[in-house]
Amino acid sequence: MKKAFLIIVVCLSTVLFSCKKDKDTAQSNPEDVKSDTADAAFADNGWPRETENNGTKLVYYQPQVDDWKDYKEITARLAFSLTPKDGKQVIGVASLKAETLVDKDNRSAYIKNLQVTDVRFPALDEKKVPEMEKLFKETLPKSGDPISVDRILADLSQTKSPAKGIVAKNDPPAIFYSTNPAVLLIVQGEPVLVPVEKTDIQYVVNTNWDLFFDKTSKDYYLLADNVWLTSKKIEGKWTKTAKLPSGLINLPSGQNFDDVKKMIPPPSTGTTPEVFYSNKPAELIAINGNPKFIKIDGTKLLYIDNTENDVFADEGDGQYYVLLSGRWFKSKDLTGPWTYAGNNLPADFSKIPKDSPRANVLSSVPGTQEAQDAVMLAQVPTTAIIKKSDAEAKVKVTYDGVPQFKPIEGTKMQYASNTQEKIIKVGDLYYLCFQAVWFMSTSPNGPWKTADSVPKEIYTIPPSSPVYNVTYVTQTTTDTTVESSSTAGYLGAFIIGATVGAILTYGTGWYYPPYVYYGGLYPIYRPWPYAYGSGAVYNPWTGGYAVGRRVYGPYGAAGTSAWYNPATGRYGRSASVQGWYGGRTAASTYNPWTGNYARTNQGHNAYAQWGHSAATNGNQWVQTGHVTTRRGTAIGYETSGGNKGVITHNRGGGTTIHTNNNVYAGHDGHVYKKDANGNWSHYNNGNGGWTQAGTLGSSNKSGGAVERNKPNQGLGANGAGEKIQRDNLPKPEQNLGGETRLGDRTQRDNFPKADQTLGQPNKPLGEAGRPDITNDLDRSALSRDRGESQTRNFKNFQHQGGFGGGGFRGGGGFRGRR
């Protein structure tokens, strides 16, 4: 028996591979290939799809999404053809409602608990409707069917109300400018010095570069790429040096010093960079020589080509514009002073061609489709379903001394100030947001139990608080599981601006000073996240920001990849590409928004603590991993009840078929298709033929010759004498609108008796092809084309290597864009 997914109830004897492996490893891992193959098998591989059950075949076309409530419950309609065993094909439209689980790694939404709320058969005898409706409901997959998030967003962009931005702080940071080789050295506050064992050298942990202090000579030493610099003061003048103290020469191995040791003794080559210093988050516009301006055709804009920054000049108003962490700042001079430009950008920014070398900024230009996509995607939650017992067993909270709490401005709540974890005190209870899952306890030290509910007060925490990001995590529970949902704000991407001109930015703009504790043998340094000084660049394919550029040091920024672990006396560092919806690390990585500093094989994301992929297929899947064998690709699962098994993907189970995805469900209950000339036809409810919209009742069924493989032709016969492209039809002998279609013999009982408008049982089916319907169908067709294109582009990005493949400007390791 063929089903959408064949569930074989067996215990998994194979290790479940994670969705994505670390792509920064020098050599490919065979398991990575298997995992990537599995990912592809369970992603959206196109429409329409066919499935079969007890000999009944169903071909269903891409759903047209009407709403995505809270980005968790989807309402849609679809057109379909249904062929009973030993029966004739019928076509219809259906209204659907379902829950969704989103896997942003695959950029796919998996259907869960699908309900068919309405079915219409425009050309079917009323007596046969109950039987066909029953067959349709039995054959349509109820869970697991993936649909690309891009397809959904393309539909919603036509109807979804814009999001409301947060109250962010958009004052410009210190912005330096240089046309010479330069680096930006950020040391948050005073230098936090930690010892390097068995030497007189101390390491400055609260910075973005390799910075050391020699206790004997009282000199600082800075490694900027392949050049060693020295200075008596951090804020002073730095000079190149070839002589290093013995402590540096004898740096220990195995403590993340390997890259530093490669530069000892100092190389003879290398250009001495200018060092710009700041004790707070700052930015650097670094130009490689004199600015080289390139005109953008069709606009008054020019961009500077010889820089990693996004810097523009507008001939219309004489201003320079720079994009930093998703925010626009403007100035009359490249050296500043800079002011926040807000949403008042010159109109020409929205005219930047999509194939321009600076098209990446369109995601940050208010009112553009790219900006709308970014804002909408930021609201789509990633969901994890986790066993309560597993989650509770992994929670660990460590304080620096006795737990200390500080007030949260404008509320009666407090947050723990001397721990890396996000703990909120509400009344006499304590709530912990740990790796995007909420826990609660009557004590600040635990024990921690998953929270069955989260107090509403927590969601009033303002952006000025360093724990604001936890307001983007919600959850529901069962007796044994917790289902957690987190959106982009949890990982540092926030919506700002008016509802019409909303854009997605990195960070709230508020500065949260780092926490430094000197109560033990060594100082403890724990940074809070901040908006600037990390070279944040938006990646439309991950839906978040990745950070780190050459001028900002090997560790991205002072607050993104450094911490100090007092338990071991070691500091943590990373050479990494950090994206807020995942990342690929070369060493352990620290994420200031989530507090995650553990290395994982998947990179780091909101659910790295929990191991396997967060999004799952079907109802109550708790853990998932992909397995590829000689028999094909499967998803392993474990349910809350302890059952284990494998879901196998095969033809007949929601498999994509090779035919035009050119059939639509109208709001009026009719089935429509579009020809190559842009004309709409509806399935004629009188004789089962296709009639051009607006000419109800006239259909030539038999005058068309069969033609194979004609490009760009619509499905079936379109009006009098239209040719049929049989290869594009679901089944040659029972075509959807083809030669031997239902209704070739016109019969009275084929006329609808009580067919109604889709979703409105008491409203009769009206005349097809009204202008309001065809206009809506035109929008659906444009959305479908755009969704297809976006889905294809994302797959290309994946095939290019994702984060490590330079798939977007700012990629390629983030050590320079070119």
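All values reported here derive from a predicted model rather than from experimental measurement.

S.K.: Which residues make up the overall build of the chain, and what values go with them?
M.R.: Of the regular secondary structure elements, the chain holds eight helices and 53 strands. With 818 residues in all, the chain has 60% of them scored as buried. Counting contacts in the chain only where the partners sit at least 6 residues apart, residues at least 24 apart contribute 60% of the total. As displayed, the chain offers around 32,300 Å² of accessible surface, 49% of which is attributable to carbon and sulfur atoms.

S.K.: Give me the lowdown on the sheet that holds strand S27 (residues 414-416), citing residues and values where you can.
M.R.: Pairing in this open sheet of six strands is antiparallel, and the strands run S26-S27-S28-S29-S30-S31 from one edge to the other. Only two strands of the sheet have a single partner each, and these edge strands are strand S26 (405-407) and strand S31 (449-450).

S.K.: Explain the packing of helix H3 (residues 149-156) against helix H8 (residues 771-799) to me, and be specific about the residues and the numbers.
M.R.: Look at H3 against H8: their axes get within 8 Å of each other, and the N-to-C directions meet at 150°. One way to sum up the angle between H3 and H8 is to call them roughly antiparallel. Crossing hand, H3 versus H8: right-handed. Every residue of H8 that contacts H3 at Asp-150, Arg-151, Ala-154 and Asp-155 is listed here: Ser-780, Ser-783, Arg-786, Gly-787, Glu-788, Gln-790, Thr-791 and Phe-794. Residues that form the contact of H3 with H8 fall into these classes: two nonpolar, five polar and five charged.

S.K.: Describe in detail the sheet that holds strand S14 (residues 219-224), supporting the description with residues and values.
M.R.: Pairing is antiparallel in the open sheet, where six strands are placed in the order S11-S12-S13-S14-S15-S16. With one partner strand each, in any of the chains shown, strand S11 (193-195) and strand S16 (239-240) form the two edges of the open sheet. Bridging between S14 and strand S15 (residues 227-231) involves five bridges; their strand directions are antiparallel. Looking at the pairing, Leu-223 lines up with Trp-228 of S15.

S.K.: Quick one: what's the story with the pairing of strand S5 (residues 73-83), residue by residue and with numbers?
M.R.: Most of S5 is tucked away: nine of the eleven residues are buried. Both strand S3 (residues 56-60) and S5 contribute to a ladder of four bridges, which runs antiparallel. Its bridge partner being in S5, Leu-58 is matched across the sheet by Leu-82. Connecting strand S4 (residues 64-69) to the next strand, S5, in antiparallel fashion are three residues, including Asp-70 with a positive phi near 55°. One ladder, built from ten bridges, connects S5 with strand S6 (residues 90-103); its direction is antiparallel. Bridged to Glu-73 within S6 is Glu-99. Connecting the antiparallel pair S5 and S6 is a turn made up of six residues, with Asp-86 showing a positive phi of about 60°.

S.K.: Run through the packing of aromatic side chains, naming residues and quoting values.
M.R.: In this description, an aromatic ring pair is defined by two values, namely the gap between the centres and the angle between the planes. In total, this model carries 25 aromatic pairs according to the counting rule given. Here Trp-47 and Tyr-60 contribute two aromatic rings whose centre-to-centre distance is 5.9 Å and whose plane-to-plane angle is 75°, an arrangement assigned as edge-to-face. Within this pair, whereas Trp-47 is found in the loop between helix H1 (30-41) and strand S2 (49-53), its partner Tyr-60 is found in strand S3, the two being separated by 13 residues in sequence. The two residues Trp-47 and Tyr-60 agree in class, both being buried. Relative to Tyr-530, the ring of Tyr-511 has its centre 6.4 Å away and its plane inclined at 65°; by these criteria the two rings are edge-to-face. Pair noted here: Tyr-511 is in the loop between strand S35 (503-506) and strand S36 (515-517) and Tyr-530 is in the loop between strand S37 (524-526) and strand S38 (537-539), with a separation of 19 residues, a long-range link. Judged by its relative accessible area of 27%, Tyr-511 is partly exposed. Here Tyr-530 falls in the buried class, since its relative accessible area comes to 5%.

S.K.: Can you tell me about the nonpolar core, naming the residues and giving the values?
M.R.: The biggest cluster of nonpolar side chains holds 49 residues, and the ones touching the most others in it are Trp-68, Phe-80 and Phe-136. With residues up to four places along the chain from it excluded, the contact list for Phe-136 reads Leu-58, Leu-78, Phe-80, Leu-82, Ala-94, Val-116 and Val-119. Residues Cys-433, Ile-461, Val-473 and Tyr-490 belong to the second largest nonpolar core, which totals 28 residues.

S.K.: Provide a residue-level description of the side chain of Asn-309, including the pertinent values.
M.R.: Checked against the element boundaries, Asn-309 lands in the loop between strand S20 (301-304) and strand S21 (310-314). A distance of 3.2 Å separates the side chain of Asn-309 from the backbone nitrogen of Ala-286, its partner in a polar contact.

S.K.: With reference to specific residues and values, describe the environment of Ser-364.
M.R.: Positionally, Ser-364 belongs in the loop between strand S24 (339-340) and helix H6 (369-378). What makes Ser-364 buried here is its relative accessible area of 3%. Spatially, the C-alpha atoms of Ser-364 and Ala-374 are 8.4 Å apart, while their sequence positions differ by ten residues.

S.K.: Mind laying out the environment of Asp-219, listing which residues take part and the relevant values?
M.R.: Note on placement: Asp-219 falls in strand S14. For Asp-219, a relative accessible area of 13% translates into the label buried. For the pair Asp-219 and Lys-232, spaced 13 residues apart in sequence, the C-alpha to C-alpha distance is 4.9 Å. Apart from the residues within four sequence positions on either side, Asp-219 is in contact with Phe-212, Phe-213, Asp-214, Thr-230, Ser-231 and Lys-232. Side chain to side chain, Asp-219 and Lys-232 meet in a polar contact 2.8 Å long.

S.K.: For helix H2 (residues 129-139), give the residues involved together with the corresponding values.
M.R.: Along H2, the residues classified as buried are Val-129, Met-132, Leu-135, Phe-136 and Thr-139. With its buried residues spanning 130° around the axis, H2 presents them on a single face. In this structure, H2 carries Pro-130 and Lys-134 as exposed residues pointing more than 90 degrees from its buried face. Of the surrounding elements, those touching the buried residues of H2 are S2, S3, S5, S6 and strand S7 (108-120).

Cut-offs applied
- Residues numbered from 1 in each chain as written.
- Predicted model: local features only at pLDDT ≥ 70, side-chain atom pairs only at ≥ 80, totals over all residues.
- Heavy atoms only, no water.
- Helix = DSSP H or I, 4+ residues; strand = E, 2+ residues; numbered from the N terminus.
- Buried < 20%, exposed > 50% of the residue type's maximum accessible area, 1.4 Å probe, protein only.
- Contact = heavy atoms within 4.5 Å.
- Areas by Shrake-Rupley, 256 points an atom, 1.4 Å probe, with all protein chains shown as cover.
- Pairing = 2+ DSSP bridges.
- Axes fitted to C-alpha atoms, helices over the stretch in contact; angles between N-to-C directions.
- Parallel < 35°, antiparallel > 145°, perpendicular 65-115°, else oblique.
- Left-handed = near helix turned anticlockwise from the far one by under 90°.
- Nonpolar A, V, L, I, M, F, W, Y, C, P; charged D, E, K, R; others polar.
- Phe/Tyr/Trp six-rings, centres within 6.5 Å; stacked < 30°, edge-to-face > 60°.
- Core = buried A, V, L, I, M, F, W, Y, C linked by side-chain atoms within 4.5 Å.
- Polar contact = N/O pair within 3.5 Å; in protein donor to acceptor, adjacent residues only side chain to side chain.
- Arc of directions from axis to C-beta.

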